[in-house]
Amino acid sequence: MSSNGYIEKPECAQRSLELHQRAKQLMPDGVSSPVRAFRHVGGRPIYVSRGEGSAFIDEDGRHFVDYCMGWGALIVGHAYPTVVEAVQKTARDGLCFGTCHRNEIALAELITEAFTPLDMVRFVCSGTEAVATALRLARAATGRPLLVKFSGCYHGHADAMLVKAGSGAAEQQLAESEGVTASTIADTLVLPLGSPQRLEDAFAKHGDHIAAVIVEPLPANNGLLPQPPAWLRQVRALTQQHGALLIFDEVISGFRFGFGGYGRLVADIEADMVTLGKIVSGGLAVGAVVGTSKLMQKLAPSGGVYQAGTQAGNPVGLAAGIACLKTLKEAWPYEKLHTLGNQLEAAMQKGGAAAYFRRQGSLFWLCLDGQGKLPDNAEQFPSNMGKKFHPAYATWLSKGIYMPPSSYEVGFLSAVHKSAEVEALARALTEAVHETQKMG
Ligand SMILES: *Cc1c(COP(=O)(O)O)cnc(C)c1O
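Here's a quick rundown of the structure.

Counting across every chain of the model gives 16 aromatic pairs. Summarising the aromatic geometry, the rings of phenylalanine 255 and phenylalanine 259 are spaced 4.9 Å apart at their centres and angled 70° between planes, so their arrangement reads as edge-to-face. Plain terms: the ring middles of tryptophan 332 and tyrosine 334 are 4.8 Å apart, the flat faces sit at 75° to each other, and that makes the pair edge-to-face. Classification of tryptophan 332 as partly exposed rests on a relative accessible area of 37%.

What follows is the structure, given as structure tokens:
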């Protein structure tokens, strides 16, 4: 074992290897979600056995400081005591009833308080489900078929969201996945982020048929691509002008920058609906749609838009969400998160790596393949994206640093990361930048 607890010889990671080999017989490439297979970074997936605070230990006893943090869900860290206690206490009284539970009210109150004037919630079990529900509701409320999304935003895996811009003619669009029908592709318009002209043109041409525009107010699933607040305001103005709805997908950004949404914080605008997941789940399987009661009442059984779920509003999941949001409200870790982010950014600047690094609050992104130019939208991504990330990733693992295993993914700081960990992270990321520069 090296001093940081990491066992350097890969043959010592025998247990993860054996588990993955068994898993491959049972699940596609052995995983339950694609990026976990490590195809973007080479090597083999890590099987985690236990997490606490900012770190986890894998099945081979290796220790990693975690910068994936359940893809952002764990803003208060792994196994945060009050969250775990709330889960245990609720679980002792029963895991699932498929009926009403007081926890629904408690979490809905916390969420609507943070998203006023949006005053009604529907609980689901994932971000994907929240988005699918919001889109159906938007189509029903407007009586229109078309959805607008932006390349570089991720909204989960509902068919309508797996459409991308084609590389040829401006209007040509393609499916991002097999199994998406031509009619689904035709009903989703994909535009570049941050282009006022393309947005104007789309509304000029299709305005009467657009049900909703969906956007991550802080795009953070395809690198970190913050957009000008003025552009977000234009999205708001055009949707209002044309009678379309605006959906902010805040599954990552919700409750990360303050006790509420990023859209309001950055551009002082209100969406008609907000989709939530990750942080509001406290680490379990909870998602939510938030909207005005006028809109939300269109959901069954008040209205005619069908949506349901066996596990929707599961008391144990909601207990985790309540405990997490209460912790955020009471302990208010946002200044600390911001300070850690600042510290990371300052160290990257000092190390001469700023041109490869972007940060917003406690989210950060290292773009090794950009040759010192950070893309502002998906169209500007280098064609060889990921090539330089690959060798860097192995080095980080050997130093006991677990980053999200893809060059497209952002890193997450939590309220329990330590200053010294962030310094070590900055050193590792800076070294990767310098290695990249040497490779040319
Ligand atoms: C993670 C994410 C989703 C999908 O959420 P799941 O819970 O993985 O289905 C949707 N939108 C955004 C912005 C996300 O970050």
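After that view of the structure, there is still more to cover.
To continue, consider the sheet that holds strand S11 (residues 273-276). What the seven strands build is an open sheet, ordered S4-S12-S11-S10-S9-S5-S8; its pairing is mixed. Looking at the sheet topology across the chains shown, the edges are occupied by strand S4 (120-124) and strand S8 (188-192). Taken pair by pair, the neighbouring strands of this sheet meet at an average axis angle of 20°, ignoring direction. Set on the sheet, helix H6 (residues 196-206) makes contact with strand S5 (146-151), S8 and strand S9 (210-215); between it and S8 the angle comes to about 155°.

With that settled, the discussion passes to the nonpolar core. One finds Ile111, Phe150, Phe255, Leu325 and Leu328 to be the most contacted residues of the largest nonpolar core, which totals 69 residues. If one sorts the elements of this core by residue count, helix H10 (residues 315-331) sits on top with seven residues. Once you skip the residues sitting within four places of it in the chain, phenylalanine 255 turns out to touch Ile75, Ile111, Ala114, Phe115, Gly260, Leu276, Ile279, Val280, Leu325, Leu328 and Tyr334. By size, the runner-up hydrophobic cluster in this structure holds 34 residues, among which are Ala353, Phe357, Leu413 and Ala426.

What follows concerns unusual backbone geometry. That bond from threonine 116 to proline 117 is cis: its omega, 10°, falls within 30 degrees of zero. Examined against the element boundaries, proline 117 turns out to sit in the loop between helix H3 (102-114) and S4. Alanine 300 connects to proline 301 through a cis peptide bond whose omega is 10°. Summarising the element assignment, proline 301 is placed in the loop between helix H9 (293-296) and H10. Of note in the backbone geometry, phenylalanine 38 takes a positive phi value of approximately 70° without being a glycine. The class for phenylalanine 38 is buried, based on a relative accessible area of 2%.

Close to the ligand lie Ser126, Gly127, Thr128, Tyr154, His155, Gly156, Glu216, Asn221, Asp249, Val251, Ile252 and Lys278. A distance of 3.3 Å separates a nitrogen atom of the ligand from a polar backbone atom of tyrosine 154. At 2.7 Å from a nitrogen atom of the ligand is found a side-chain nitrogen or oxygen belonging to aspartate 249. Protein burial of the ligand: of its 380 Å² of free accessible surface, 83% is covered by the chains. The residue inventory of the shell around the ligand, partitioned by class, reads three nonpolar, six polar and three charged.

Evaluation of the coordinates by the stated rule reveals twelve salt bridges. In this structure, glutamate 113 and lysine 329 form a salt bridge, with 3.1 Å as the shortest nitrogen-oxygen distance. Of this pair, glutamate 113 sits in helix H3 while lysine 329 sits in helix H10; the two residues are 216 residues apart in sequence, bridging distant segments of the chain. Judged by relative accessible area, which is 44%, glutamate 113 ranks as partly exposed. For the salt bridge of glutamate 345 with arginine 359, the shortest nitrogen-to-oxygen distance reads 2.8 Å. One end of the pair, glutamate 345, is in helix H11 (residues 334-350); the other, arginine 359, is in strand S13 (residues 357-360), with 14 residues separating them in the sequence.

The residue valine 422 is located in helix H13 (residues 419-439) in this model. As for valine 422 and glycine 223, which are separated by 199 residues in sequence, their C-alpha atoms are 20 Å apart. If we skip the residues at most four places from it in the chain, valine 422 touches Tyr67, Leu340, Gln343, Leu344 and Leu413.

Its location among the elements puts glutamate 270 in the loop between helix H8 (262-267) and S11. On a C-alpha basis, the gap between glutamate 270 and proline 117 in space is 8.3 Å, while along the polypeptide they are 153 residues apart. The residues touching glutamate 270, leaving out its near neighbours within four places in the chain, are Thr116, Pro117, Arg236 and Arg264. At a separation of 2.9 Å, a polar atom in the side chain of glutamate 270 contacts the side chain of arginine 264.

About the criteria used
Residues numbered from 1 in each chain as written. Predicted model: local features only at pLDDT ≥ 70, side-chain atom pairs only at ≥ 80, totals over all residues. Heavy atoms only, no water. Phe/Tyr/Trp six-rings, centres within 6.5 Å; stacked < 30°, edge-to-face > 60°. Buried < 20%, exposed > 50% of the residue type's maximum accessible area, 1.4 Å probe, protein only. Pairing = 2+ DSSP bridges. Helix = DSSP H or I, 4+ residues; strand = E, 2+ residues; numbered from the N terminus. Axes fitted to C-alpha atoms, helices over the stretch in contact; angles between N-to-C directions. Contact = heavy atoms within 4.5 Å. Core = buried A, V, L, I, M, F, W, Y, C linked by side-chain atoms within 4.5 Å. Near = heavy atom within 4 Å. Polar contact = N/O pair within 3.5 Å; in protein donor to acceptor, adjacent residues only side chain to side chain. Areas by Shrake-Rupley, 256 points an atom, 1.4 Å probe, with all protein chains shown as cover. Nonpolar A, V, L, I, M, F, W, Y, C, P; charged D, E, K, R; others polar. Salt bridge = Lys/Arg side-chain N within 4 Å of Asp/Glu carboxyl O.

Scope: geometric values only; no functional claims are made or implied.
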